[in-house]
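Understanding the architecture of this molecule
So the chains spell out like this:
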Amino acid sequence: MTEDLTGQPPGPAEPDPYPAGPDPYDNRRQVLYWRLLARLFDGEEQPALESASLGVVEDIGLPSALLDPGTSLDSVVQRHPELADEFDGLMTPDDDAAGSRDRAAEVRRAALVSKVLLNVFATGSSTVTAEQLARWQSDAGWLERALGGPPGGLRGGRAAGAGLDAGGLGPELAAIEADLVGRMRLREVLADPALAARLTPSMSLIEQLLRDKGNLSGVALANAKSLIRRYVDEVAEVLRTQVEKATVGELDRSVPPKRVFRNLDLDRTIWKNLTNWSPEEERLYVDRLYYRHTVRRTTPQRLIVVVDQSGSMVDSMVNCTVLASIFAGLPKVDVHLIAYDTRSIDLTPWVHDPFDVLLRTNLGGGNDGPVAMAMARPKIAEPKNTVMVWISDFYEFDRSQPLFEGIEAVHRSGVKFIPVGSVTSSGRQEVNPWFRERFKALGTPVVSGHVNKLVHELKTFLT
């Protein structure tokens, strides 16, 4: 028997946490992920991988339906409701304490993750039905839940502004959804009320409807309008909540506070009357009450929103028309809305109804910013009380210099000018670098494209 340096015989050997040789847990995870990659990039079944994956899934007590690409996640959860909670935050697991790993849990997670990714990203190339689109939208919602957000949080749907990023995955999901919508015989679906009822409004679907609205009539047009109205109402509900939560104006201390109990400032009242404290009686005598100010100073403000309605700005067009209608409902805010491509159109008369505004837009084509500026500048009555929001990617080509000179003149007149690269729910934006640098030098840097940022900027200035 050997001894260590202390002269003591060695104790029992510590078990190796990572023993040499094949790890059964790693092997199982690799089988599941190799099958996922094979199905994503090929689409054809690999018998060996299919049978091995089936053995893994059954051995860990999960349903074989997880391996069926034709089975939606809704169906899986409906048959096995105990799995629903496992999908929430599935792809954002908490770090294990002290670096320990639950190998069995990792295999189980691999099986569930594979199901979500396969259903969302393996979409084929054939014609899409309304039912298939609805199923994909639901499966994409499960992916968003697995990433820690609400359904629609990445794609800019009803949960617009939820703040979910996931490394830029949102635009990729939107592109897949747009491809599915493009492969669907949309006009035939809209002509059938039963099929149209299966559609869930989304940005990709609304974009297609707005582009094709001139070719629709009768039942198809009525169903298209119904879908657009539903989507607009959903976006408005979310944005209205964000506007209500944003910062409001300064307190107007020139107006005396209302002397009612709900406005009583108890802490200040006690502090100001401490000199009346009687130690003998242990009682505080109050000879004056103090109340909080609640009236806020408001100044009539003019908001001019100019939106590029060329083909790359559809998401912005929808969000801005809804946002403009919400601000138009605030007291003492005068909202004007202009949309432009190679021509400009004044949509101010319909600004209170974003649905009506969208039906009057003509999405697509090029853009001519100077034409829009010529329509917007006469609307500036009091520069110091005016904010102009310009939403565009600012790719003006030979019209870049004239547009910037017009913007510079408006800014120097005292107007609060806010350039915005886009107004999307994902925050994705692409702005002409030539304009971006000049806006920065002018002291009016491009606002982040996320709709939350614009809501905050506008609410702070207007109220």
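Structural data are supplied above this passage.
A brief look at the structure comes next. (Residues numbered from 1 in each chain as written. Predicted model: local features only at pLDDT ≥ 70, side-chain atom pairs only at ≥ 80, totals over all residues. Heavy atoms only, no water.)

Some remarks on the overall build of the protein chain
- Secondary structure assignment for the protein chain yields 18 helices and 7 strands.
- A burial count over the protein chain gives 44% of its 463 residues as buried.
- Sequence-distant contacts in the protein chain: of pairs separated by 6 or more residues, those separated by 24 or more amount to 73%.
- Looking at the protein chain as shown, the accessible area adds up to about 24,000 Å², and 51% of this sits on carbon and sulfur atoms. (Helix = DSSP H or I, 4+ residues; strand = E, 2+ residues; numbered from the N terminus. Buried < 20%, exposed > 50% of the residue type's maximum accessible area, 1.4 Å probe, protein only. Contact = heavy atoms within 4.5 Å. Areas by Shrake-Rupley, 256 points an atom, 1.4 Å probe, with all protein chains shown as cover.)

Points about the nonpolar core
- Of all hydrophobic cores here, the largest spans 90 residues; its most connected members are Phe87, Leu190, Leu199, Leu209, Leu303, Val389 and Leu458.
- Membership of the second largest hydrophobic core comes to 22 residues, among which are Met373, Ala376, Phe435 and Val446. (Core = buried A, V, L, I, M, F, W, Y, C linked by side-chain atoms within 4.5 Å.)

A closer look at the packing of helix 1 (residues 24-41) against helix 2 (residues 47-59)
- Running from N to C, helix 1 and helix 2 point in directions that differ by 135°, and their axes come no closer than 9 Å. Accordingly, the angle class assigned to the pair helix 1 and helix 2 is oblique. In terms of crossing hand, the pair formed by helix 1 and helix 2 is left-handed. For the pair helix 1 and helix 2, contact is made by Arg28, Val31, Leu32, Trp34, Arg35, Ala38 and Arg39 and by Leu49, Glu50, Ala52, Ser53, Val56, Val57 and Asp59, respectively.
- Residues that form the contact of helix 1 with helix 2 fall into these classes: 8 nonpolar, 1 polar and 5 charged. (Axes fitted to C-alpha atoms, helices over the stretch in contact; angles between N-to-C directions. Parallel < 35°, antiparallel > 145°, perpendicular 65-115°, else oblique. Left-handed = near helix turned anticlockwise from the far one by under 90°. Nonpolar A, V, L, I, M, F, W, Y, C, P; charged D, E, K, R; others polar.)

Quick word on the environment of Arg343
- Among the structural elements, Arg343 can be located in the loop between strand 4 (333-340) and strand 5 (344-346).
- Spatially, the C-alpha atoms of Arg343 and Val371 are 6.5 Å apart, while their sequence positions differ by 28 residues.

Concerning the layout of surface pockets
- In this model, the second largest pocket occupies a volume close to 380 Å³.
- In terms of lining, the second largest pocket is formed by 17 residues, of which the most central are Ala122, Thr123, Gly124, Gln132 and Arg135.
- At the level of secondary structure, the elements contributing two or more residues to the lining of the second largest pocket comprise helix 5 (103-121) and helix 6 (130-146).
- Looking at which element gives the most residues to the lining of the second largest pocket, the answer is helix 6, with 4 residues. (1 Å grid on protein atoms, 1.4 Å probe; cavity = no way out; pocket = protein on both sides within 12 Å on 5 of 7 lines; lining within 4 Å. Points joined across faces, edges and corners; volume = space filled by probe spheres on them.)

Focus on helix 1
- For helix 1, with 18 residues, the first-to-last C-alpha span of 26 Å sits near the 26 Å given by 1.5 Å per residue.
- Listing the buried residues of helix 1 in full gives Leu32, Arg35, Leu36 and Arg39. Down the axis of helix 1, the sector holding all buried residues measures 100°, keeping them to one side. In helix 1, the exposed residues that point more than 90 degrees away from the buried face are Trp34 and Phe41.
- On its buried face, helix 1 is in contact with helix 2 and helix 5. (Expected span 1.5 Å × (residues − 1). Arc of directions from axis to C-beta.)

So, the pairing of strand 3 (residues 301-308)
- Summarising burial for strand 3: 7 of the 8 residues are buried, a large majority.
- Sheet analysis places strand 3 next to strand 4, joined by 8 bridges and oriented parallel. By the bridge assignment for strand 4, Val306 is matched with Ile338.
- Relative to strand 6 (residues 386-391), strand 3 runs parallel, the two being bridged by 6 bridges. Directly across from Val306, in strand 6, lies its bridge partner Trp390. (Pairing = 2+ DSSP bridges.)

Description of the pairing of strand 6
- Within strand 6, 6 of the 6 residues are buried, which leaves the element mostly enclosed by the surrounding structure.
- Burial of strand 6 is two-sided: the residues Thr386, Met388 and Trp390 facing one way and the residues Val387, Val389 and Ile391 facing the other way are all buried.
- What joins strand 6 to strand 7 (residues 416-420) is helix 16 (residues 400-412), and the crossover it makes is right-handed. (Right-handed = clockwise from strand over helix to strand, strands pointing away.)

Any functional reading would require information beyond the geometric quantities listed.
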